[in-house]
Amino acid sequence: MKTTDRFQSEDRVLVIGGGIGGIKTALDLAEAQKQVILVDKANAIGGLMTLLDRTFPTNNCDLCTVSPTLSETSRSQYIDLMPLTRLIQLTGEAGNFTATLATAPRYIDLNRCTACGECHRQFPECVNFNPGLDHRAPTCMRYPQATPQAYSIAIDQCRDIGALSACCPADAILPRDSENRFDIHAASVVLAPGASIFDPKNLDCFSYGTEPDVLTSLEYERMMSASGPTQGKLVCPSDGRTPEKIAWIQCVGSRGMQKGAASYCSSVCCMFAIKEAIVTKERFKDSMETTVFYMDMRTFGKDYEGYYERSRKDYGVQFVRSRPHSVFRKPGDTQLTITYASVEDSTLNQEHFDLVVLATGFQISEDVRELAKQIGVDLNCHGFAQTPAFHSSETSRPGVYVCGMFESPKDIPETMIQASAAACRASAHVQAKQAEDASDTDIIPERDVTGEEPRIGVFICDCGENIGSVIDVPGLAAYAKTFPGVVTAEGVGHGCSRESMNHIEQTIIDQKLNRVVIGGCSPRTHETRFQDLLRRAGLNRYLLEMANLRDQNAWVHANQPAEANINARQMIWAAVSSVKKARALSDNHLSINTDVLVVGGGVTGMTAAIRLADQGYKVFLAERRSMLGGTANLIRSTLEGDDVQSFVRDLKARTLAHSRIQVIFNAFIVDHSGMPGMFQTGMQVGPRMFYRQIRHGVTIMSTGALPNRPTDFLLGSHAAVMTQLDADALLADSPRAASGWNNVVMIQCVGSRQPGNPNCSRVCCQAAIKNALKILEKNPETRIFILYRDMRTYGFQEDYYRMAREKGVIFVRYERESPPTVQAAGTQVAVIFPDPVLGRSISVTADALLLSTGFISDDESTEDLSAIFKLTRTPDGYFLEDHIKLRPVDLSRPGFYLAGTAHSPRLIRESIAQAEAAAARAQTLLSRKSIELGAEVARVDSKKCAACLICVRACPFGIPVINADGYSEIDPAKCHGCGVCASECPAKAIQLMRFEDDQILSKLLGLLERRVA
Amino acid sequence: MTTDFEPVIIAFCCHYCAYTAADMAGSQRISYPPNVQIIRVPCSGKVDIIHILKAFENGADGVYVAGCLSGDCHFKTGNIKAARHVAQAAKLLASVGIESDRVQMVNLSAGMGERFAEIAMEMTEKIRKLGPSPVKNPILTAN
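What counts and how
- Residues numbered from 1 in each chain as written.
- Chains lettered and ligands numbered in written order.
- Predicted model: local features only at pLDDT ≥ 70, side-chain atom pairs only at ≥ 80, totals over all residues.
- Heavy atoms only, no water.
- Helix = DSSP H or I, 4+ residues; strand = E, 2+ residues; numbered from the N terminus.
- Buried < 20%, exposed > 50% of the residue type's maximum accessible area, 1.4 Å probe, protein only.
- Contact = heavy atoms within 4.5 Å.
- Areas by Shrake-Rupley, 256 points an atom, 1.4 Å probe, with all protein chains shown as cover.
- Axes fitted to C-alpha atoms, helices over the stretch in contact; angles between N-to-C directions.
- Parallel < 35°, antiparallel > 145°, perpendicular 65-115°, else oblique.
- Left-handed = near helix turned anticlockwise from the far one by under 90°.
- Nonpolar A, V, L, I, M, F, W, Y, C, P; charged D, E, K, R; others polar.
- Expected span 1.5 Å × (residues − 1).
- Buried area = accessible area lost by both parts, 1.4 Å probe.
- Salt bridge = Lys/Arg side-chain N within 4 Å of Asp/Glu carboxyl O.
- Polar contact = N/O pair within 3.5 Å; in protein donor to acceptor, adjacent residues only side chain to side chain.
- pLDDT = per-residue confidence, 0-100.
- Pairing = 2+ DSSP bridges.
- Phe/Tyr/Trp six-rings, centres within 6.5 Å; stacked < 30°, edge-to-face > 60°.
- Lys NZ or Arg CZ within 6 Å of the ring centre and 35° of its normal.

(A) Region of interest: the overall build of chain A. Per the secondary structure count, chain A includes 26 helices and 52 strands. Per-residue burial over chain A gives 61% buried out of 1013 residues. Taking all contacts inside chain A whose residues are at least 6 apart in sequence as the whole, residues at least 24 apart take part in 70%. A total accessible area of about 38,400 Å² is found for chain A, and carbon and sulfur atoms account for 50% of it.

(B) Spatial organisation of the packing of helix α9 (residues 412–427) of chain A against helix α23 (residues 908–926) of chain A. Residues and elements named next belong to chain A. Closest axis-to-axis distance for the α9/α23 pair is 7 Å, and the angle between their directions is 65°. Considering their axes alone, α9 and α23 lie roughly perpendicular with respect to each other. The interaxial crossing formed by α9 with α23 has left-handed handedness. Seen from α9, the contacting residues are Ile417, Ser420, Ala421, Ala423, Cys424, Arg425 and Ser427; seen from α23, they are Ala913, Gln914, Glu916, Ala917, Ala919, Ala920, Arg921 and Gln923. When grouped by side-chain class, the residues that make up the contact of α9 with α23 number eight nonpolar, four polar and three charged.

(C) Highlighting helix α17 (residues 603–614) of chain A. Residue and element names in this part refer to chain A. An ideal rise of 1.5 Å per residue puts 16 Å on 12 residues; α17 measures up with 16 Å between its terminal C-alpha atoms. With 11 of 12 residues buried, α17 is to be regarded as a mostly interior element. The complete set of buried residues in α17 reads Val603, Thr604, Gly605, Met606, Thr607, Ala608, Ala609, Ile610, Arg611, Leu612 and Ala613. Of the residues trailing α17, Gly616 is marked for its positive phi of about 100°.

(D) Summary view of the interface of chain A and chain B. Across the contact, 56 residues belong to chain A and 56 residues belong to chain B. Between chain A and chain B, the buried area comes to about 4,600 Å², and carbon and sulfur atoms account for 61% of it. Considering only the surface of chain A that becomes buried against chain B, Arg524, Gln552 and Leu1008 of chain A emerge as the three largest contributors, covering 14% of it. Summed over the shared surface of chain A and chain B, the result is five salt bridges. Between Asp23 of chain B and Arg524 of chain A there is a salt bridge whose closest N-O contact spans 2.5 Å. At the junction of chain A and chain B, the tally comes to 18 residue pairs in polar contact (both at pLDDT 80 or more).

(E) How the structure looks around the confidence of the model for chain B. Mean pLDDT over chain B stands at 89; residues scoring 70 or higher make up 92%. Note that residues 138–143 of chain B has pLDDT below 50 and, in this model, seven contacts with residues that lie over four places away or in other chains.

(F) Up close: the sheet that holds strand β17 (residues 326–328) of chain A. All names here are of chain A. Across the sheet, three strands lie side by side as β17-β18-β19; this open sheet has antiparallel pairing. With one partner strand each, in any of the chains shown, β17 and β19 (348–353) form the two edges of the open sheet. Averaged over all pairs of adjacent strands, the angle between strand axes in this sheet comes to 20°, irrespective of strand direction. Bridge count for strand β18 (residues 336–341) against β19 is six bridges, and the pairing is antiparallel. Looking at β19, one finds that Leu336 is bridged to Phe353.

(G) Spotlight on unusual backbone geometry. At Ser267 of chain A, a position not held by glycine, the phi torsion is positive, near 70°. Summarising the element assignment, Ser267 of chain A is placed in the loop between β14 (245–252) and α6 (269–284).

(H) Region of interest: the pairing of strand β5 (residues 79–82) of chain A. All names here are of chain A. Judged by which residues are buried, β5 turns out to be covered on both faces: Ile79 and Leu81 on one side and Asp80 and Met82 on the other are all buried. Two elements, strand β2 (residues 35–39) and β5, share four bridges in a ladder whose sense is parallel. By the bridge assignment, Leu38 is partnered in β5 with Leu81.

(I) Focus on the environment of Gly376 of chain A. Residues and elements named next belong to chain A. Positionally, Gly376 belongs in the loop between α8 (366–374) and β22 (400–402). On the accessibility criterion, Gly376 (38% relative accessible area) is partly exposed. For the pair Gly376 and Leu1007, spaced 631 residues apart in sequence, the C-alpha separation works out to 62 Å. Not counting chain neighbours up to four residues away, the residues in contact with Gly376 comprise Ser396 and Arg397.

(J) Molecular detail of the packing of α17 of chain A against helix α18 (residues 644–657) of chain A. Residues and elements named next belong to chain A. Relative to each other, α17 and α18 sit at 45°, their axes nearing to 10 Å. Comparing the axis directions of α17 and α18 gives the class oblique. Here α17 runs over α18; the crossing is left-handed. Contact residues: Val603, Met606, Thr607 and Ile610 in α17; Phe647, Val648, Leu651, Lys652, Arg654 and Thr655 in α18. Residue composition of the contact of α17 with α18, by class: six nonpolar, two polar and two charged.

(K) Layout of the pattern of salt bridges. Residues and elements named next belong to chain A. Under the defined criterion, the tally for this structure stands at 64 salt bridges over all chains. A salt bridge links Asp858 to Arg624; the shortest N-O distance between them is 2.7 Å. With Asp858 in the loop between β44 (855–857) and α22 (859–869) and Arg624 in the loop between β29 (619–622) and α18, the pair connects residues that are 234 residues apart, well separated along the chain. Classification of Arg624 by relative accessible area gives partly exposed; the value is 36%. With a closest N to O distance of 3.4 Å, Asp799 and Arg802 form a salt bridge. Residue Asp799 and its partner Arg802 are both found in helix α21 (residues 797–806); the two are separated by three residues, about one turn of the helix. The exposure class assigned to Asp799 is buried, which follows from its relative accessible area of 14%. A relative accessible area of 30% places Arg802 in the partly exposed class. Salt bridges here are not isolated pairs; linked through shared partners, they connect Arg255, Asp296, Arg298, Glu305, Arg321, Arg753, Asp790, Arg792 and Glu798.

(L) Region of the structure containing the environment of Ile52 of chain B. Residues and elements named next belong to chain B. Summarising the element assignment, Ile52 is placed in helix α2 (residues 49–57). Assessed through its relative accessible area of 0%, Ile52 is described here as buried. Along the primary structure Ile52 and Ala90 are separated by 38 residues, whereas in three dimensions their C-alpha atoms are 9.3 Å apart. Other than its neighbours up to four places away in sequence, Ile52 contacts Val47, Val63, Val65, Val86, Ala89 and Val103.

(M) Spatial organisation of the packing of aromatic side chains. All names here are of chain A. Under the counting rule described, the total for this entry stands at 19 aromatic pairs over all chains. Aromatic pair Phe785 and Phe833: ring centres 6.1 Å apart, planes at 55°, arrangement tilted. Here Phe833 lies in strand β41 (residues 828–835) and Phe785 lies in strand β38 (residues 783–788), a separation of 48 residues in the sequence. Members of the aromatic cluster, each reached through a chain of ring pairs, are Tyr264, Phe384 and Phe796. Sitting over the ring of Phe353, Lys245 keeps its end group 4.7 Å from the ring centre.

Shown next as C-alpha cells:
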C-alpha cells in the first residue's frame, strides 16, 4: 500500500464498487494517468461477472477474458485498491470532496500473505468459492483469480485462533486486526455498487428454497462453471442424477410478475437464459431438452437477435410463450412439474422437468440505497440512481457519477460503455499526472550488454513451504551454479518480498550480471515485477527468464518429490539455456499528435468532440452534410417527455462556439494512413471539393445509422401511412393532426428482425409506446392497436408499456410468418391481422398507420469508410468493435473508437454515454506523451524473405504487407504478437521477438538434455 | 522392457489458456504425472512444425500442443493453425516411422485446471503404451 500522503491531494477519483463496471472506470482513468482509489466492500474485486461460467453472445469463458483485466488493475501504479472498504460519508463539493472510508479487518497482512493456501488447507472447511451454493467459511478467497491474491478470515467463526495464526508460514495472520476509519480527498466520485439479485424464496409458487432442483440462473451458472461447486458437472442437487430436461422461467422478480417483483424489466435475463440453454445444449446435445418459458423475448442488443435465432434453429432450444403458474414436485415423483397456461388457447398444461432455473432479475439492495441517501444522491422510484434525461452517468449531486446496474439494469457491454463514460466525466475534475517522475531521474540508465559473455544470476524462491517443502532449494542452487555462464545461484526465500527484491537488485549490480533467471512462481503473475526489478538494476527488462517451479511443479508433484526435484533441475537448466539467447528489446516509443478526428457530427460526434475539447484537446469534427445534428434533428421528444430539439440546439451551439473544435462541413474522407498517435486523413471538402489533410492521433467513428424507410405497408404511397419518426414530428408540430384519429394501428418490426436487416432496432418499441401515449393525451378516445412480435421495453421503459396497457392500448401479437396486410381504403387504410386469442382475422380501418421502421446501417458510407480506415464491419453493415463484451467502443484498429448508432441502433441517451466512453478511451492514448509499442512483435529479415505471401495469409489480423521493396513488412504498431507468421514462414525469415526460434529450441533442449546425467 | 518406462513429454502451452490452466491445476493442487514438461508460447499457432520435430530428435517420447478452446483463441485463429501444424508434423513423423499418435493437439480454457491434469495423464498413459520413441538421442546414448 502506498503512503497516505498521496490521499491528501485532491487530484484523484474515488470509485465505489469493484465489479466489472468499477474496474473498467478505474482502468480507463489509470490509463489516462489519473489517480484512482477503487474501494469494494468485498475482500476481492470482480463482482458478479466473475461468477459467470460463460458470457453471451460469444460463449467465451469469462475467466480468461476478465482475469487479465483484474491483474492489470492490481498492478497499475495509478490505482489504489481498497477491498473490504465502505464509503461512510462524503462532504465537500465537486473538485474538493472529503470521503470517510472504513476498512473492515481482514485479519491478514497483505504485504506478507503469499496466497499459499496453507491456512485453508489446514482449515479445509473454511473455503468458500461459491456464494449461495455452499456454506460460508472463515477463510475465504472468492474465486481462483481473485485480486488481490490474498485470503480473509471471519475471525468470529474461527474456533482456534492460535492454531490458525500458527499455521501461516508467512506469519501474515493478524488476530487483533480492527476496523480502520480514515478520510481521503477526491475531486470526483464514481458510484458503481452494482445490483443484487431478486431472492425468489418468498415466492411459494416456484418452490425455490424447498425443492433443491429449483435454482436461480446464477446458481445454475455456478454449476456449469469449471470453478464451481461441482467442477462443472451438471447434476440435480436433490439426488445427484444427470438432468435430461431443464426449464427456464423468465421474469422472476421483474416486470411485476410476482409478489414483491420490481415493475421494470431487468434487461439481461432473456439473453442470460438463452446463453445457459445454448451452453447446456452444446454440452449435452440431444440427450438434453431445454425449454424457456417467456413473455417477450428481449434480445435487443447488437447481434443478439441472431443468437436467439441460432438457439432455436441450430441448438433446438424450445421457447414457450407463457407465464408458468407454479412449480412443484408431486408426491413420489423424481421430476418437478410446471403448470402453465398456453397464451394461444388458454388451456392449462403440465410438463415435467428435472431442473427448473428461475431467471431472477436485479434490484438495488438496501445497503446501496442507504449509501445513496448518506451521500445525497437521489434515487428514482425503483431505488436506482436518478439521472437526467440525456446524461446517464450524472447523479443529482454534482461531481458524483454513476455507472453499471445502479443506473439501470444492463448487460456487460452496456456496463463497460457506461463505466468508460463515467471515467470521462469524472476525469474532467482531475489533472493527469505523468508516471512518477522517479522512473526517469532516479533510475540508473540501461546498460548495453551486447557482446558480453553471459553472466547469469539464478535466484530460487522457496516461497515458504510452497516450493521449499518439495524442492531442495539449496541443492538446486548449488546445482545451477555448475552451469556454464552462471555466475551466482542462490535461494532467496520469498523472492517477491521487498528484502529479497532489494537483495537481487543489489546482486545484479555488484556482480555485473547481464542475465537473470528466477525460479519461483508463474510468469503470468510475477513476471512484470521481476522485469521492473531488472530495469531498476540497469538491465533491459527482457533479459529475464522465469522457471515456474511452484505452480507447475512443486504444487502438482508434491506427492512425487524425487521427480519434482529432477524436473526442477531441468526447468532451471532450460531457463538458463534460454536466457542466454535473450536479447535486449526496446518497447518502441513514438511521440504522438494529440489532435482528434471525429467522423460524423450527430449528437454522438458532437458530444465526443466537446468532452475532448473541454479536456484541452484540439478536435476536428468532419461532417459530410452541411449541418450538425444527424438523426436527432428528426426527434421531438423522448419517451420520458424530454425536449430533444432544445437539447440538440444547445449542443450544436456549444460545438460551433468551442475554441478547440473545428467543424468541417461537407467533408468526404478519401484517404488515410499512419499509425495510432500519428494518423493522416485526407478529405475533400465543401461545394468545390478541395482536398485537405488532417493530422491526428486518434479517430472517433460516429457516423450513425439511417432511419429505415422500407416501402412495405404502403409507406410512401398512402398519406395515412407514416413512420414513428414522422408521427413524432407530426404530433409535436401540428397537434391538431391527430385529433381526428379514431383508430390508429401501429406495426412493429417493419424492416427489422427479418432477412436483410436481421437485428432488432432496439428503439422502436419505446417509440411506439411514446407516440401511443401522446395520441391518447390529445384524444383519450382514440383506439390504438399495436401489432408486435415481442414488446422490448427493457429497463424502466416497461413502466410506460404498462401505462399504455392501462390506458387501453390494445397489443396484438403476430408471427413473422403471418404479418398483417394493409389495403388502401380512401383516406384511410384497412389493416387485416390474425388475432391469436380469438383465433381469426380482424380488420381495422385506421385513420393512421404508424410503422416502427427502426434503423438500418448506412451501408454505403460504412463500406467506404471501412475500406479507407481498414475497419471491420458486421454482416449487416455496422462497424465491428474489438471485443463485443469488454471493449465495446474500441475498434480492432488501435487508435480508433466507435460510438453511437454506427455501432448499433440505440437511444440518444445511450449514444451520448457511448460518445463519452469513446472520449474516455481516446484519452487513454492521448494522455501519454508517447505510445509504447510492445516488444513481442514479429520482425522480418528482408534478406531471407521471398515475398511468398504466406505470412500475409496466415496473420489473423491482416498486418503483413509486401512493401515497395518486394519483401514482407510487419508494422510493429499493429502486430499483436501471436507469432503465427513466424511459425508458418517457410524461409524462417520472420522471428517473434522474445520467442525466437533459438530461444524456444534452447528451452526445449534444456528440458530434454541431461535427463540421464 | 517398457513396463517401467517413463516417457518424456513436451507440452507447448499457449499463454492465454493452456498455460493459465496449468497454473490453475497448480493452485488447485491437482497432481498429474511429472513426465510432462511445459513450454510457454504466446499462442499455440506459434509452435512451429520444426519445434515439434526437434523435440523428438532430442529425445522426447511425446509432444502435445495445447491451445484455447475452438472459437476462443486470443489471437482469433491461432489454435486452428496450430491444429494444422500438429497434423502436418504427425504426417511427417509417420513417414519416417514414428507413430503419429505421439503428437497431439488439445484445446482447453484458462479455467480448466482439472482438464489440464487429465490431459497430462491421458497423454502419459498413451505414450507409455507406445513405448520409447524410436528416435535415439545422441546426447542420451553418449552417457
